[in-house]
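Take a look at the letters that make up each chain.
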Amino acid sequence: MAWVAPLALMGMVLARRRWRELWPLYALVVTQAATFTVFLVLSRYRLASLACWIVFAVLGLSLLLEALRDRRRGELALGLGSLVLGGLLVLLPIEGFGP
């Protein structure tokens, strides 16, 4: 999940213009992420939403490569920025958690 989440965040950001056709995926990811963040911290419960995260990750990679091919610098910067931000959020250690 550590590498899927930043890619999925990038996919969610880059696919923002297609939110009308992707709203069920957005809704599932957001509600499950909010619920699991507040109430449950067990990874086995997050497994149900992993399929949606993977769809957004693949969509994000596809849209990023399309922006690179078409030389759309704004979309490319937005995608890479959200990828870096997502990577920092997921991979940086949190004080007081862990061994």
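Refer to the structure above for everything that follows.
Computed from a predicted structure; not experimentally measured.

(A) Representation of the overall build of the protein in the model. Helix and strand counts for the protein come out as 5 helices and 0 strands. Along the chain direction, N to C, the helices and strands of the protein fall in the order α-α-α-α-α. When the backbone C-alpha atoms are referred to their principal axes, the protein occupies close to 45 × 30 × 15 Å. In the protein, which comprises 99 residues, the share counted as buried stands at 31%. A fraction of 72% describes how many contacts in the protein between residues 6 or more apart in sequence connect residues 24 or more apart. With an accessible surface of roughly 7000 Å², the protein has 70% of that area assigned to carbon and sulfur atoms. One way to put it: in the protein the 10 positive side-chain charges average out to a point 2 Å from where the 5 negative ones average out.

(B) Structural context of the pattern of salt bridges. All chains considered together, the criterion is met by 6 salt bridges. Here glutamate 75 and arginine 16 are joined by a salt bridge, their closest N and O atoms 3.1 Å apart. Of this pair, glutamate 75 sits in helix H5 (residues 73–91) while arginine 16 sits in the loop between helix H1 (4–14) and helix H2 (19–38); the two residues are 59 residues apart in sequence, bridging distant segments of the chain. By relative accessible area, which is 14% here, glutamate 75 ends up buried. The exposure class of arginine 16 is partly exposed, given its relative accessible area of 32%. A salt bridge links glutamate 66 to arginine 72, with the nearest nitrogen and oxygen atoms 3.8 Å apart.

(C) Seen up close, the nonpolar core. Membership of the largest hydrophobic core comes to 19 residues, with the highest contact counts inside it found for Trp53 and Phe56. Residue contacts for phenylalanine 56: discarding those within four places in its chain leaves Leu7, Ala8, Gly11, Met12, Leu22, Leu25, Tyr26 and Val29.

(D) Main features of the packing of aromatic side chains. Enumeration over the complete set of coordinates arrives at 1 aromatic pair. Each ring, one from tyrosine 26 and one from phenylalanine 56, has its centre 4.8 Å from the other, and the planes form 50 degrees; the classification is tilted. Residue tyrosine 26 is found in helix H2, and its partner phenylalanine 56 is found in helix H4 (residues 50–69); the two are separated by 30 residues along the sequence. When sorted by exposure, tyrosine 26 lands in the same class as phenylalanine 56, which is buried.

Rules of the game
- Residues numbered from 1 in each chain as written.
- Predicted model: local features only at pLDDT ≥ 70, side-chain atom pairs only at ≥ 80, totals over all residues.
- Heavy atoms only, no water.
- Helix = DSSP H or I, 4+ residues; strand = E, 2+ residues; numbered from the N terminus.
- Buried < 20%, exposed > 50% of the residue type's maximum accessible area, 1.4 Å probe, protein only.
- Contact = heavy atoms within 4.5 Å.
- Areas by Shrake-Rupley, 256 points an atom, 1.4 Å probe, with all protein chains shown as cover.
- Lys, Arg positive; Asp, Glu negative; His and termini not counted.
- Charge placed at Lys NZ, Arg CZ, Asp CG, Glu CD.
- Salt bridge = Lys/Arg side-chain N within 4 Å of Asp/Glu carboxyl O.
- Core = buried A, V, L, I, M, F, W, Y, C linked by side-chain atoms within 4.5 Å.
- Phe/Tyr/Trp six-rings, centres within 6.5 Å; stacked < 30°, edge-to-face > 60°.

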